[in-house]
Amino acid sequence: MSFKVAFIGAGSIGFTRGLVADLLTVPEFNHMEIAFTDINPDNLRMVTQLCQRDIDENGLDITIHSTLDRREAFQDAKYVINCVRIGMLEAFTTDVEIPLKYGVDQCVGDTLCIGGIMYGQRGIHAMLEFCKDIRDVAAPGCILLNYSNPNAMVTWACNVYGKVETYGLCHGVQHGHEQIARALGRDRKDVDIICAGLNHQTWYISVKTDGMERTGDLYEKMTEADFACDENIRLDVMKNFGYYSTESNGHLSEYLMWYRKRPEDMEKWINYSKWIQGETAGYLRVCKESRNWFETDFPNWLKEPARQFTPENRSLEHGSYIIESLETGRTYRGHFNVMNNGTITNLPDECVVEVPCYVDFNGISVPKVGDLPLGCAAICSQSVWVQKLAVEAAVHADIRLLYQAAMMDPLTGAVCTPDEIRQMVDEMLVAGEPWLPQYREEIQKAKKRLEHKAVPYRPVKGFTLKQKTVEELAEEKERYRTMAAAAAKENVE
(Lines give C-alpha, C1' and ligand atoms only; values in the text may rest on other atoms or scores of the structure.)
Protein backbone atom coordinates (compact mmCIF):
# COMPACT_ATOMS: atom_id res chain seq x y z
CA MET A 1 0.00 0.00 0.00
CA SER A 2 1.26 3.46 -0.85
CA PHE A 3 -0.17 6.52 0.89
CA LYS A 4 1.29 9.48 2.73
CA VAL A 5 1.28 10.35 6.44
CA ALA A 6 2.51 13.80 7.50
CA PHE A 7 3.56 14.62 11.08
CA ILE A 8 3.32 18.24 12.23
CA GLY A 9 5.27 19.00 15.38
CA ALA A 10 7.48 16.09 14.33
CA GLY A 11 10.25 17.32 16.62
CA SER A 12 8.35 15.63 19.47
CA ILE A 13 10.63 12.62 19.83
CA GLY A 14 8.38 10.56 22.09
CA PHE A 15 5.29 10.62 19.94
CA THR A 16 6.88 10.80 16.52
CA ARG A 17 9.34 7.97 16.91
CA GLY A 18 6.77 5.77 18.62
CA LEU A 19 4.01 6.38 16.08
CA VAL A 20 6.34 5.80 13.12
CA ALA A 21 7.37 2.49 14.66
CA ASP A 22 3.72 1.59 15.31
CA LEU A 23 2.76 2.32 11.69
CA LEU A 24 5.65 0.37 10.23
CA THR A 25 4.74 -2.66 12.31
CA VAL A 26 1.90 -3.13 9.81
CA PRO A 27 3.31 -5.29 6.95
CA GLU A 28 1.18 -3.61 4.28
CA PHE A 29 2.69 -0.21 5.14
CA ASN A 30 6.26 -1.00 4.08
CA HIS A 31 5.95 1.39 1.12
CA MET A 32 4.11 4.28 2.72
CA GLU A 33 5.37 7.87 2.44
CA ILE A 34 6.32 9.79 5.57
CA ALA A 35 6.80 13.55 5.90
CA PHE A 36 7.98 15.43 8.99
CA THR A 37 7.54 19.15 9.60
CA ASP A 38 8.35 21.40 12.55
CA ILE A 39 9.38 25.00 13.16
CA ASN A 40 12.40 23.94 15.23
CA PRO A 41 15.15 22.87 12.80
CA ASP A 42 17.31 21.28 15.50
CA ASN A 43 14.54 19.09 16.88
CA LEU A 44 13.43 18.21 13.35
CA ARG A 45 16.95 17.20 12.37
CA MET A 46 17.48 15.03 15.46
CA VAL A 47 14.15 13.23 15.24
CA THR A 48 14.47 12.65 11.49
CA GLN A 49 17.95 11.23 11.97
CA LEU A 50 16.77 8.89 14.71
CA CYS A 51 13.63 7.69 12.89
CA GLN A 52 15.45 7.24 9.58
CA ARG A 53 18.08 5.13 11.36
CA ASP A 54 15.27 2.94 12.78
CA ILE A 55 13.72 2.54 9.31
CA ASP A 56 17.02 1.70 7.61
CA GLU A 57 18.00 -0.89 10.21
CA ASN A 58 14.61 -2.57 9.84
CA GLY A 59 15.40 -3.03 6.15
CA LEU A 60 12.65 -0.79 4.75
CA ASP A 61 13.01 1.31 1.61
CA ILE A 62 11.39 4.47 3.00
CA THR A 63 13.04 7.88 3.09
CA ILE A 64 11.50 10.44 5.43
CA HIS A 65 10.83 13.77 3.76
CA SER A 66 11.75 16.38 6.39
CA THR A 67 10.88 20.04 5.83
CA LEU A 68 10.27 23.29 7.68
CA ASP A 69 7.49 24.07 5.16
CA ARG A 70 4.27 22.51 6.43
CA ARG A 71 2.43 22.90 3.12
CA GLU A 72 5.18 20.91 1.47
CA ALA A 73 4.79 18.21 4.11
CA PHE A 74 0.99 18.18 3.73
CA GLN A 75 1.09 17.89 -0.08
CA ASP A 76 -1.06 14.86 -1.07
CA ALA A 77 -1.11 13.51 2.50
CA LYS A 78 -3.96 11.13 3.28
CA TYR A 79 -3.43 11.49 7.03
CA VAL A 80 -1.94 14.31 9.11
CA ILE A 81 -0.87 13.58 12.68
CA ASN A 82 -0.68 16.66 14.91
CA CYS A 83 1.39 16.82 18.12
CA VAL A 84 2.41 20.49 18.42
CA ARG A 85 2.69 22.71 21.48
CA ILE A 86 2.21 26.29 20.36
CA GLY A 87 4.56 28.59 22.23
CA MET A 88 6.69 25.72 23.55
CA LEU A 89 7.67 25.75 27.22
CA GLU A 90 8.03 29.53 27.27
CA ALA A 91 4.29 29.99 26.79
CA PHE A 92 3.51 26.99 28.99
CA THR A 93 5.37 28.73 31.82
CA THR A 94 3.00 31.72 31.66
CA ASP A 95 0.01 29.36 31.77
CA VAL A 96 0.91 28.20 35.27
CA GLU A 97 3.08 30.93 36.83
CA ILE A 98 0.80 33.95 36.23
CA PRO A 99 -2.26 32.22 37.77
CA LEU A 100 -0.22 31.41 40.90
CA LYS A 101 -0.05 35.16 41.56
CA TYR A 102 -3.86 35.13 41.78
CA GLY A 103 -4.11 32.03 43.94
CA VAL A 104 -4.87 29.51 41.14
CA ASP A 105 -2.65 26.46 41.67
CA GLN A 106 -2.44 24.03 38.73
CA CYS A 107 -0.56 20.77 38.35
CA VAL A 108 -0.57 20.72 34.54
CA GLY A 109 -2.72 23.49 33.04
CA ASP A 110 -3.22 22.14 29.52
CA THR A 111 -6.83 20.95 29.30
CA LEU A 112 -9.13 22.98 31.54
CA CYS A 113 -8.54 25.59 34.23
CA ILE A 114 -7.11 28.94 33.17
CA GLY A 115 -3.94 27.36 31.76
CA GLY A 116 -5.88 25.08 29.44
CA ILE A 117 -8.12 27.94 28.33
CA MET A 118 -5.14 30.11 27.37
CA TYR A 119 -3.31 27.20 25.77
CA GLY A 120 -6.43 26.69 23.67
CA GLN A 121 -6.35 30.31 22.49
CA ARG A 122 -2.86 29.74 21.04
CA GLY A 123 -3.51 26.27 19.71
CA ILE A 124 -6.85 26.89 18.02
CA HIS A 125 -5.60 29.88 16.03
CA ALA A 126 -2.65 27.84 14.74
CA MET A 127 -4.74 24.73 14.06
CA LEU A 128 -7.15 26.65 11.85
CA GLU A 129 -4.15 27.72 9.77
CA PHE A 130 -3.08 24.07 9.55
CA CYS A 131 -6.60 23.11 8.47
CA LYS A 132 -6.53 25.69 5.67
CA ASP A 133 -3.31 24.17 4.36
CA ILE A 134 -4.77 20.67 4.60
CA ARG A 135 -7.82 21.74 2.58
CA ASP A 136 -5.56 23.42 0.01
CA VAL A 137 -2.87 20.81 -0.63
CA ALA A 138 -3.56 17.49 1.11
CA ALA A 139 -5.33 14.56 -0.54
CA PRO A 140 -9.14 14.92 -0.77
CA GLY A 141 -10.75 13.68 2.43
CA CYS A 142 -7.52 13.91 4.42
CA ILE A 143 -8.05 12.93 8.06
CA LEU A 144 -6.44 14.90 10.88
CA LEU A 145 -5.47 12.87 13.96
CA ASN A 146 -4.96 15.33 16.81
CA TYR A 147 -2.81 14.52 19.83
CA SER A 148 -2.40 18.12 21.05
CA ASN A 149 -4.10 19.56 24.10
CA PRO A 150 -6.53 20.97 25.00
CA ASN A 151 -7.70 18.01 22.94
CA ALA A 152 -11.45 18.56 23.03
CA MET A 153 -11.21 22.30 22.27
CA VAL A 154 -8.75 21.81 19.40
CA THR A 155 -10.73 18.92 17.90
CA TRP A 156 -13.95 20.96 18.20
CA ALA A 157 -12.46 23.96 16.39
CA CYS A 158 -10.90 21.86 13.60
CA ASN A 159 -14.17 20.07 12.84
CA VAL A 160 -16.50 23.07 13.07
CA TYR A 161 -14.33 25.94 11.84
CA GLY A 162 -11.40 24.19 10.16
CA LYS A 163 -13.70 22.03 8.01
CA VAL A 164 -11.31 19.06 8.26
CA GLU A 165 -12.43 15.66 9.52
CA THR A 166 -10.59 15.51 12.85
CA TYR A 167 -10.35 12.91 15.61
CA GLY A 168 -8.79 13.67 19.00
CA LEU A 169 -6.63 10.88 20.39
CA CYS A 170 -5.49 10.33 23.97
CA HIS A 171 -4.19 7.36 25.97
CA GLY A 172 -5.98 8.09 29.25
CA VAL A 173 -8.65 5.44 28.68
CA GLN A 174 -6.05 2.72 28.08
CA HIS A 175 -4.14 3.56 31.26
CA GLY A 176 -7.25 3.50 33.44
CA HIS A 177 -8.31 0.24 31.79
CA GLU A 178 -4.99 -1.27 32.90
CA GLN A 179 -5.59 -0.10 36.49
CA ILE A 180 -9.11 -1.55 36.57
CA ALA A 181 -7.85 -4.88 35.26
CA ARG A 182 -5.15 -4.95 37.96
CA ALA A 183 -7.70 -4.22 40.67
CA LEU A 184 -9.90 -7.05 39.41
CA GLY A 185 -6.96 -9.44 39.12
CA ARG A 186 -7.50 -9.96 35.41
CA ASP A 187 -5.64 -9.35 32.16
CA ARG A 188 -6.70 -6.17 30.36
CA LYS A 189 -7.96 -8.15 27.37
CA ASP A 190 -10.40 -9.98 29.66
CA VAL A 191 -11.99 -6.79 31.01
CA ASP A 192 -14.52 -5.18 28.68
CA ILE A 193 -15.16 -1.48 29.24
CA ILE A 194 -17.38 1.29 27.99
CA CYS A 195 -15.86 4.68 28.76
CA ALA A 196 -17.68 7.90 27.91
CA GLY A 197 -17.54 11.60 28.71
CA LEU A 198 -15.13 14.39 27.79
CA ASN A 199 -11.42 14.07 27.19
CA HIS A 200 -9.72 13.87 30.61
CA GLN A 201 -13.19 13.64 32.19
CA THR A 202 -14.20 10.28 30.79
CA TRP A 203 -16.00 7.74 32.97
CA TYR A 204 -15.85 3.93 33.00
CA ILE A 205 -19.61 3.52 32.94
CA SER A 206 -19.50 -0.21 32.25
CA VAL A 207 -16.87 -2.73 33.35
CA LYS A 208 -17.49 -6.40 32.62
CA THR A 209 -15.63 -9.66 33.15
CA ASP A 210 -17.01 -12.90 31.73
CA GLY A 211 -20.11 -10.98 30.68
CA MET A 212 -20.90 -9.85 34.24
CA GLU A 213 -21.16 -6.17 35.17
CA ARG A 214 -18.59 -5.21 37.83
CA THR A 215 -19.18 -1.48 38.38
CA GLY A 216 -21.09 -2.19 41.62
CA ASP A 217 -18.09 -3.73 43.39
CA LEU A 218 -15.38 -1.77 41.58
CA TYR A 219 -14.93 0.94 44.24
CA GLU A 220 -14.09 -1.63 46.91
CA LYS A 221 -11.64 -3.38 44.57
CA MET A 222 -9.98 -0.12 43.56
CA THR A 223 -9.52 1.11 47.15
CA GLU A 224 -7.79 -2.21 48.00
CA ALA A 225 -5.50 -2.11 44.96
CA ASP A 226 -1.75 -1.57 45.26
CA PHE A 227 -1.99 1.83 43.53
CA ALA A 228 -4.81 3.21 45.71
CA CYS A 229 -2.53 5.45 47.80
CA ASP A 230 -1.63 7.37 44.65
CA GLU A 231 -5.23 7.79 43.48
CA ASN A 232 -6.95 9.35 46.48
CA ILE A 233 -8.60 12.13 44.45
CA ARG A 234 -9.85 9.75 41.75
CA LEU A 235 -11.18 7.44 44.43
CA ASP A 236 -12.82 10.31 46.32
CA VAL A 237 -14.59 11.35 43.11
CA MET A 238 -15.58 7.72 42.57
CA LYS A 239 -16.94 7.52 46.13
CA ASN A 240 -19.10 10.58 45.53
CA PHE A 241 -20.14 10.04 41.90
CA GLY A 242 -20.01 6.26 41.54
CA TYR A 243 -17.65 5.86 38.59
CA TYR A 244 -13.90 5.83 37.99
CA SER A 245 -12.44 8.66 35.92
CA THR A 246 -9.66 8.42 33.35
CA GLU A 247 -7.44 11.12 34.78
CA SER A 248 -4.64 10.90 37.31
CA ASN A 249 -4.70 12.72 40.65
CA GLY A 250 -2.87 15.83 39.46
CA HIS A 251 -4.87 16.31 36.29
CA LEU A 252 -8.24 15.55 37.88
CA SER A 253 -7.60 17.86 40.82
CA GLU A 254 -7.43 20.96 38.60
CA TYR A 255 -10.59 20.19 36.60
CA LEU A 256 -12.84 20.34 39.67
CA MET A 257 -13.60 23.02 42.26
CA TRP A 258 -12.90 21.02 45.41
CA TYR A 259 -9.28 19.89 45.77
CA ARG A 260 -6.91 22.80 45.02
CA LYS A 261 -8.78 25.91 46.14
CA ARG A 262 -7.40 26.10 49.72
CA PRO A 263 -3.63 25.67 50.05
CA GLU A 264 -3.94 24.59 53.67
CA ASP A 265 -6.02 21.57 52.59
CA MET A 266 -3.93 20.46 49.62
CA GLU A 267 -1.56 18.27 51.62
CA LYS A 268 -4.51 15.97 52.24
CA TRP A 269 -4.75 15.20 48.54
CA ILE A 270 -1.20 15.52 47.19
CA ASN A 271 1.86 13.37 47.76
CA TYR A 272 5.30 13.84 46.28
CA SER A 273 6.12 10.36 45.02
CA LYS A 274 5.91 11.74 41.47
CA TRP A 275 4.73 14.95 39.83
CA ILE A 276 1.51 13.47 38.50
CA GLN A 277 0.16 13.17 42.05
CA GLY A 278 -0.54 16.91 41.97
CA GLU A 279 2.70 18.86 42.38
CA THR A 280 2.24 22.55 41.52
CA ALA A 281 3.42 23.06 37.92
CA GLY A 282 4.77 19.52 38.08
CA TYR A 283 4.42 18.81 34.39
CA LEU A 284 6.20 22.02 33.47
CA ARG A 285 9.10 21.05 35.72
CA VAL A 286 9.34 17.58 34.16
CA CYS A 287 9.14 19.00 30.64
CA LYS A 288 11.99 21.42 31.35
CA GLU A 289 14.11 18.63 32.79
CA SER A 290 13.29 16.40 29.86
CA ARG A 291 14.19 19.03 27.27
CA ASN A 292 17.57 19.57 28.91
CA TRP A 293 18.16 15.84 29.20
CA PHE A 294 17.17 15.04 25.62
CA GLU A 295 19.51 17.66 24.20
CA THR A 296 22.35 16.24 26.30
CA ASP A 297 21.56 12.56 25.81
CA PHE A 298 20.61 12.56 22.10
CA PRO A 299 24.02 11.41 20.78
CA ASN A 300 23.75 8.31 22.98
CA TRP A 301 20.38 7.39 21.45
CA LEU A 302 22.03 7.05 18.05
CA LYS A 303 24.66 4.67 19.44
CA GLU A 304 22.07 2.24 20.75
CA PRO A 305 20.21 -0.47 18.81
CA ALA A 306 17.43 0.73 16.51
CA ARG A 307 13.82 0.26 17.52
CA GLN A 308 12.47 -2.99 16.10
CA PHE A 309 9.18 -2.80 14.21
CA THR A 310 7.60 -5.90 15.72
CA PRO A 311 4.06 -6.50 17.03
CA GLU A 312 5.21 -6.98 20.62
CA ASN A 313 6.80 -3.51 20.57
CA ARG A 314 3.69 -1.78 19.26
CA SER A 315 2.22 0.78 21.66
CA LEU A 316 -1.40 1.28 22.71
CA GLU A 317 -1.63 4.68 20.96
CA HIS A 318 -4.69 4.74 18.72
CA GLY A 319 -3.19 6.45 15.66
CA SER A 320 -1.57 3.50 13.89
CA TYR A 321 -4.55 1.22 14.55
CA ILE A 322 -6.98 3.72 13.06
CA ILE A 323 -4.91 4.05 9.89
CA GLU A 324 -4.44 0.26 9.70
CA SER A 325 -8.18 -0.33 9.96
CA LEU A 326 -9.09 2.31 7.37
CA GLU A 327 -6.50 0.94 4.93
CA THR A 328 -6.79 -2.84 5.48
CA GLY A 329 -10.31 -3.27 6.84
CA ARG A 330 -9.15 -4.99 10.03
CA THR A 331 -11.59 -3.87 12.72
CA TYR A 332 -10.33 -1.76 15.62
CA ARG A 333 -12.23 -0.58 18.68
CA GLY A 334 -10.93 2.38 20.62
CA HIS A 335 -12.09 5.51 22.46
CA PHE A 336 -11.73 8.68 20.38
CA ASN A 337 -12.74 12.32 20.68
CA VAL A 338 -15.50 13.06 18.16
CA MET A 339 -18.32 15.53 17.63
CA ASN A 340 -21.17 14.38 19.87
CA ASN A 341 -24.13 14.57 17.45
CA GLY A 342 -26.40 12.65 19.83
CA THR A 343 -23.88 10.02 20.93
CA ILE A 344 -24.13 11.04 24.61
CA THR A 345 -27.73 12.13 24.85
CA ASN A 346 -27.50 14.31 27.97
CA LEU A 347 -24.60 16.43 26.68
CA PRO A 348 -24.97 19.06 23.92
CA ASP A 349 -24.89 17.72 20.35
CA GLU A 350 -22.35 20.34 19.31
CA CYS A 351 -19.61 19.41 21.80
CA VAL A 352 -16.71 16.96 21.48
CA VAL A 353 -17.05 13.74 23.49
CA GLU A 354 -14.71 10.81 24.12
CA VAL A 355 -16.57 7.59 23.39
CA PRO A 356 -16.11 4.05 22.01
CA CYS A 357 -15.65 3.93 18.22
CA TYR A 358 -15.17 1.21 15.62
CA VAL A 359 -12.93 1.48 12.57
CA ASP A 360 -12.85 -0.58 9.36
CA PHE A 361 -12.95 -0.08 5.58
CA ASN A 362 -16.22 1.84 5.97
CA GLY A 363 -14.66 4.53 8.13
CA ILE A 364 -14.99 5.45 11.81
CA SER A 365 -18.35 4.45 13.29
CA VAL A 366 -19.62 5.98 16.53
CA PRO A 367 -22.28 3.92 18.38
CA LYS A 368 -24.86 5.71 20.50
CA VAL A 369 -23.95 5.66 24.20
CA GLY A 370 -27.14 7.22 25.58
CA ASP A 371 -27.25 9.15 28.85
CA LEU A 372 -24.24 9.42 31.13
CA PRO A 373 -25.01 8.80 34.81
CA LEU A 374 -26.49 12.07 36.04
CA GLY A 375 -23.67 13.13 38.34
CA CYS A 376 -21.02 12.40 35.71
CA ALA A 377 -23.04 14.34 33.15
CA ALA A 378 -23.27 17.30 35.54
CA ILE A 379 -19.47 17.49 35.89
CA CYS A 380 -19.01 17.18 32.12
CA SER A 381 -21.73 19.69 31.36
CA GLN A 382 -19.97 22.41 33.34
CA SER A 383 -16.75 21.72 31.44
CA VAL A 384 -18.50 21.68 28.06
CA TRP A 385 -19.60 25.28 28.47
CA VAL A 386 -16.11 26.37 29.47
CA GLN A 387 -14.81 24.64 26.32
CA LYS A 388 -17.43 26.23 24.08
CA LEU A 389 -16.76 29.72 25.43
CA ALA A 390 -13.02 29.17 24.98
CA VAL A 391 -13.38 27.85 21.42
CA GLU A 392 -15.60 30.74 20.34
CA ALA A 393 -13.28 33.23 22.03
CA ALA A 394 -10.23 31.82 20.21
CA VAL A 395 -11.92 31.74 16.80
CA HIS A 396 -13.43 35.23 17.01
CA ALA A 397 -10.83 36.92 19.27
CA ASP A 398 -13.69 37.79 21.61
CA ILE A 399 -12.21 38.88 24.94
CA ARG A 400 -15.62 39.01 26.62
CA LEU A 401 -16.12 35.31 25.90
CA LEU A 402 -12.57 34.63 27.07
CA TYR A 403 -13.28 36.33 30.40
CA GLN A 404 -16.49 34.31 30.69
CA ALA A 405 -14.71 31.03 29.98
CA ALA A 406 -12.27 31.74 32.81
CA MET A 407 -15.08 32.80 35.17
CA MET A 408 -17.02 29.60 34.47
CA ASP A 409 -14.01 27.32 34.93
CA PRO A 410 -14.59 25.34 38.16
CA LEU A 411 -11.23 25.85 39.89
CA THR A 412 -10.61 29.40 38.63
CA GLY A 413 -14.09 30.46 39.70
CA ALA A 414 -13.70 28.79 43.09
CA VAL A 415 -10.53 30.78 43.82
CA CYS A 416 -10.92 34.16 42.08
CA THR A 417 -13.40 37.03 41.89
CA PRO A 418 -14.51 38.34 38.46
CA ASP A 419 -12.21 41.38 38.78
CA GLU A 420 -9.25 39.14 39.58
CA ILE A 421 -10.07 36.91 36.63
CA ARG A 422 -10.28 39.80 34.19
CA GLN A 423 -6.92 41.18 35.31
CA MET A 424 -5.32 37.72 35.24
CA VAL A 425 -6.56 37.10 31.70
CA ASP A 426 -5.26 40.52 30.61
CA GLU A 427 -1.85 39.66 32.06
CA MET A 428 -1.80 36.27 30.33
CA LEU A 429 -2.82 37.79 27.00
CA VAL A 430 0.04 40.27 27.18
CA ALA A 431 2.50 37.54 28.15
CA GLY A 432 1.28 35.41 25.23
CA GLU A 433 1.40 38.19 22.64
CA PRO A 434 3.87 36.41 20.29
CA TRP A 435 1.47 33.45 19.92
CA LEU A 436 -1.90 35.25 19.91
CA PRO A 437 -2.04 37.30 16.69
CA GLN A 438 -5.84 37.20 16.61
CA TYR A 439 -5.88 39.22 19.85
CA ARG A 440 -3.55 41.95 18.59
CA GLU A 441 -5.97 44.83 19.25
CA GLU A 442 -7.22 43.45 22.55
CA ILE A 443 -3.67 42.96 23.81
CA GLN A 444 -2.91 46.65 23.27
CA LYS A 445 -5.99 47.55 25.30
CA ALA A 446 -4.97 45.06 28.00
CA LYS A 447 -1.55 46.68 28.28
CA LYS A 448 -3.18 50.01 29.03
CA ARG A 449 -5.48 48.49 31.63
CA LEU A 450 -2.52 46.85 33.34
CA GLU A 451 -0.76 50.20 33.76
CA HIS A 452 -3.25 50.80 36.56
CA LYS A 453 -3.70 47.41 38.24
CA ALA A 454 -6.94 47.54 40.18
CA VAL A 455 -6.63 44.20 41.96
CA PRO A 456 -3.79 43.18 44.31
CA TYR A 457 -2.10 39.81 43.90
CA ARG A 458 -2.94 36.95 46.27
CA PRO A 459 -0.02 34.65 45.47
CA VAL A 460 0.29 31.05 46.59
CA LYS A 461 3.63 29.34 46.83
CA GLY A 462 2.32 25.98 45.72
CA PHE A 463 3.74 22.54 46.37
CA THR A 464 6.81 22.19 44.18
CA LEU A 465 9.88 20.03 43.92
CA LYS A 466 13.33 21.22 42.86
CA GLN A 467 14.11 21.06 39.14
CA LYS A 468 16.93 18.57 38.62
CA THR A 469 20.14 19.38 36.81
CA VAL A 470 21.40 17.33 33.87
CA GLU A 471 24.01 15.80 36.19
CA GLU A 472 21.32 14.70 38.62
CA LEU A 473 19.23 13.29 35.78
CA ALA A 474 22.24 11.29 34.57
CA GLU A 475 22.29 9.43 37.89
CA GLU A 476 18.91 7.90 36.95
CA LYS A 477 19.58 7.72 33.23
CA GLU A 478 17.02 5.15 32.09
CA ARG A 479 14.18 6.61 34.13
CA TYR A 480 14.70 10.09 32.75
CA ARG A 481 15.27 8.88 29.21
CA THR A 482 11.79 7.34 29.34
CA MET A 483 10.37 10.57 30.74
CA ALA A 484 12.15 12.62 28.07
CA ALA A 485 10.58 10.53 25.34
CA ALA A 486 7.13 10.88 26.90
CA ALA A 487 7.36 14.61 27.57
CA ALA A 488 9.17 15.72 24.42
CA LYS A 489 5.89 16.16 22.54
CA GLU A 490 5.38 19.23 24.70
CA ASN A 491 8.63 20.84 23.55
CA VAL A 492 7.78 21.66 19.95
CA GLU A 493 6.02 24.39 17.97
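Residues numbered from 1 in each chain as written. Predicted model: local features only at pLDDT ≥ 70, side-chain atom pairs only at ≥ 80, totals over all residues. Heavy atoms only, no water.

### Topic: the pattern of salt bridges
For clarity, the cut-off: Throughout this description, the term salt bridge denotes a Lys or Arg side-chain nitrogen within 4 Å of a carboxyl oxygen of Asp or Glu. Relative accessible area decides the class of each residue, using a 1.4 Å probe on protein chains only: under 20% of the type maximum gives buried, over 50% gives exposed, and in between gives partly exposed.
This structure, assessed with the given rule, holds 29 salt bridges. Of the charged contacts in the structure, one is a salt bridge between Asp-54 and Arg-53, with a shortest N-O distance of 3.4 Å. A residue is classified by how much of its surface remains accessible, and Arg-53, at 12% relative accessible area, is buried. Through salt bridges with shared partners, one network takes in Arg-70, Arg-71, Lys-132, Asp-133 and Asp-136.

### A short note on unusual backbone geometry
For clarity, the cut-off: Labels follow the DSSP assignment, with helices taken as runs of H or I lasting at least four residues and strands as runs of E lasting at least two, numbered in each case from the N terminus.
With an omega dihedral of -10°, the bond running from Asn-149 to Pro-150 counts as a cis peptide bond. The topology assignment puts Pro-150 in the loop between strand E5 (143-146) and helix H6 (151-160). Positive phi values are uncommon outside glycine, yet Cys-113 reaches one of about 55°. Within the secondary structure layout, Cys-113 lies in helix H5 (residues 113-137). Residue Asn-341 is not a glycine yet carries a positive backbone phi of 50°. Its place among the elements puts Asn-341 in the loop between strand E10 (332-339) and strand E11 (352-360). Overall, the relative accessible area of 63% leaves Asn-341 in the exposed class.

### What to know about the layout of surface pockets
The condition is simple: Here a cavity denotes a set of grid points, spaced 1 Å apart and computed over the protein atoms alone, in which a 1.4 Å probe fits but from which it cannot get out, and a pocket denotes an open set meeting protein on both sides within 12 Å along at least five of seven lines; residues with an atom within 4 Å of a point are reported as lining. Grid points are joined across faces, edges and corners, and a volume is the space filled by probe spheres set on the points. Polar here means any residue other than Ala, Val, Leu, Ile, Met, Phe, Trp, Tyr, Cys and Pro, which are nonpolar, and Asp, Glu, Lys and Arg, which are charged; Gly is therefore polar.
Roughly 350 Å³ of internal volume is contained in the second largest pocket. Around the second largest pocket sit 16 residues that line it, and Gln-174, His-177, Arg-188, Tyr-332 and Arg-333 are the ones nearest its centre. Of all the elements in the fold, those that place two or more residues in the lining of the second largest pocket are helix H7 (172-184), strand E7 (191-198), helix H13 (318-328) and E10. Per-element tally for the lining of the second largest pocket: the top contributor is E10, with four residues. In terms of residue class, the lining of the second largest pocket is built from six nonpolar, five polar and five charged.

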